[in-house]
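Descriptive analysis of the structure
Given next are the chains, with one letter for each unit.
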Amino acid sequence: MSTAVLSQYWRLTKPRIVALIVFTAIIGMLLAIQPGEPWPWLRILAGTAGIWLSASSAAAINHLLDQRIDKVMARTADRPLPTGALRPVQVLAFAVALGIASMAVLLLWVNPISAVLSFAGLIGYAIIYTGFLKRATPQNIVIGGLAGAVPPLLGWAAVTGMANERDWGYALLLVLIVFVWTPPHFWALAIFRREDYSRALVPMLPVTHGVVYTRWQILLYTVLLVIASVLPWVVHMSGLFYLGGALVLGGVFLWYAWTLLDPPDDYFAMRTFWYSIWYLMALFGFLLIDHWLLPMLDAAPALEFAPQS
């Protein structure tokens with residue numbers, strides 16, 4: 001198989017999107033481990049691989065189901081199926097192989113619940129969202145966003161097996177943050193690409209309800225996101241370091257959402273979109289630092305200076 005063909009298969013996995021998914025899953029894993037506990041390296045590594053395979057399988061199915069749409073949208077017209085670089089049967093076989101490999105890895109080296117939850121996320125995104133919701137309602141990204149929000153839960157489940165209520169409560173709180181983050185993140189992109197979606201007959205919110213309405217919805221969901229981002233501190237999952245970071249990041253996001261109501265140029269929606277990605281990565285980074293680095297610093301012995309004789 002030539003390098004050119006391999007690169008087309010690689011494109012099917014949507015590497016940048018899947019990288020963000022795997023990142024949030026890894027954060028879920030690391031937050032599930034308490035300082036002082038041994039790290040379950042096999043479950044971390046196998047869980048990361050299994051979640052990546054599952055997300056990549058869902059991405060490939062997305063390519064397969066969206067090939068008609070992709071042909072008429074400028075940003076997707078050069079994908080493997082619209083260009084004829086790959087045939088549908090090749091994409092289907094690739095997606096099925098990745099899905100089977102994902103379930104095998106998670107069942108053999110992680111635990112059953114991580115496999116079940118990963119499979120549910122795959123079906124939710126690839127079949128329910130892409131195959132139905134995306135074309136059925138302008139609230140597609142809100143309802144279907146749940147499938148894209150589960151990676152932190154998958155990561156948490158890979159490490160703990162979801163053995164108690166605390167695991168479920170904290171993991172679902174991370175899911176809530178990603179779930180509320182998804183609409184302002186995606187609708188900013190949809191505003192910029194609204195002509196593409198209109199041409200493809202996809203009922204995205206800016207197409208069905210207009211740009212002004214969508215901008216107000218972005219602001220509303222950003223307010224909800226800031227509130228949701230404070231909850232880890234409220235339930236004592238994190239401390240003041242995380243709270244400060246969350247409020248600063250949220251304040252900047254609110255500025256973007258407010259400015260988007262009357263943007264300085266057409267590209268400001270894309271700047272909002274790109275900030276939303278950095279926001280999520282930084283927010284989870286603050287959670288991780290608060291959980292691991294600060295307790296380590298607190299536990300470090302204080303320096304003692306003996307008096308000079």
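Above this text sits the structure in question.
This text gives an overview of the structure that appears in the document. Sequence order as written defines the numbering, with residues in each chain counted from 1. Under the rules for a predicted model, residues below a pLDDT of 70 receive no local features and side-chain atom pairs below 80 are neither given nor counted, while totals for whole chains, interfaces and linings still include all residues. Calculated side-chain values reflect all of the structure's heavy atoms, with hydrogen atoms and water omitted.

Some thoughts on the pattern of salt bridges
As a reminder, the rule being used: Whenever Lys or Arg places a side-chain nitrogen within 4 Å of a carboxyl oxygen from Asp or Glu, that contact is recorded as a salt bridge. Per the convention used, a helix needs a DSSP run of H or I reaching at least four residues, while a strand needs a run of E reaching at least two, with both numbered from the N terminus. Exposed residues in this analysis have more than 50% of their type's maximum accessible area, buried residues have under 20%, and partly exposed residues fall in between, with area computed by a 1.4 Å probe over protein chains only.
Under the criterion given, the structure shown has seven salt bridges. Among the ionic pairs, aspartate 78 bridges to arginine 11, the shortest N-O distance being 3.4 Å. Of this pair, aspartate 78 sits in the loop between helix 4 (67–72) and helix 5 (80–83) while arginine 11 sits in helix 1 (residues 3–12), and the two are 67 residues apart along the sequence. Note on aspartate 78: relative accessible area 43%, which makes it partly exposed. What makes arginine 11 partly exposed here is its relative accessible area of 32%. Note that aspartate 66 and lysine 134 form a salt bridge whose closest N and O atoms lie 2.6 Å from each other. Placement of the pair is aspartate 66 in the loop between helix 3 (41–65) and helix 4 and lysine 134 in helix 7 (residues 112–136), with a sequence separation of 68 residues. Residue classification places lysine 134 among the buried residues on the basis of a relative accessible area of 10%. Taken together, the shared-partner salt bridges in this structure form one network comprising Asp66, Lys134 and Arg135.

What to know about the nonpolar core
Side chains that are nonpolar tend, in soluble globular proteins, to be buried together. Threshold: In these notes, a set of buried Ala, Val, Leu, Ile, Met, Phe, Trp, Tyr and Cys residues joined through side-chain atoms within 4.5 Å is what counts as a nonpolar core. Note on definitions: a residue-residue contact is assigned when non-hydrogen atoms from the two residues lie within 4.5 Å.
Counting 81 residues, the largest nonpolar core has Trp156, Trp181, Tyr279 and Leu283 as the members making the most contacts within it. Sorting elements by how many residues they give to this core places helix 10 (residues 165–192) first, with 15 residues. Apart from the residues lying within four places of it in its own chain, the contact partners of tyrosine 279 are Trp181, Leu225, Ser229, Leu249, Gly250 and Phe253. Counting residues in each nonpolar core, the second largest holds twelve residues, with Ala58, Ile61, Leu81 and Ala126 among its members.

A look at the packing of helix 2 (residues 15–32) against helix 3
Note the threshold: In this description, a line fitted to the C-alpha atoms serves as the axis of each element, helices being fitted only across the stretch in contact, and the angle between N-to-C directions of two axes falls anywhere from 0 to 180 degrees. The scheme is simple: roughly parallel for angles under 35 degrees, roughly antiparallel for over 145, roughly perpendicular for 65 to 115, oblique for anything else. Two helices cross in a left-handed way if the nearer one is turned anticlockwise from the farther one by less than a right angle. They cross in a right-handed way if the turn is clockwise. Gly falls in the polar group here, along with every residue not listed as nonpolar (Ala, Val, Leu, Ile, Met, Phe, Trp, Tyr, Cys, Pro) or charged (Asp, Glu, Lys, Arg).
At a minimum axis distance of 10 Å, the contact between helix 2 and helix 3 shows a crossing angle of 150 degrees. By the angle class used here, helix 2 and helix 3 are roughly antiparallel. With respect to the hand of their crossing, helix 2 and helix 3 are arranged in right-handed fashion. Across the interface between the two elements, Val18, Ile21, Val22, Ala25, Ile26 and Met29 of helix 2 pack against Ile44, Gly47, Thr48, Ile51, Trp52, Ala55 and Ser56 of helix 3. The residue makeup of the contact of helix 2 with helix 3, split by class, is ten nonpolar, three polar and no charged.

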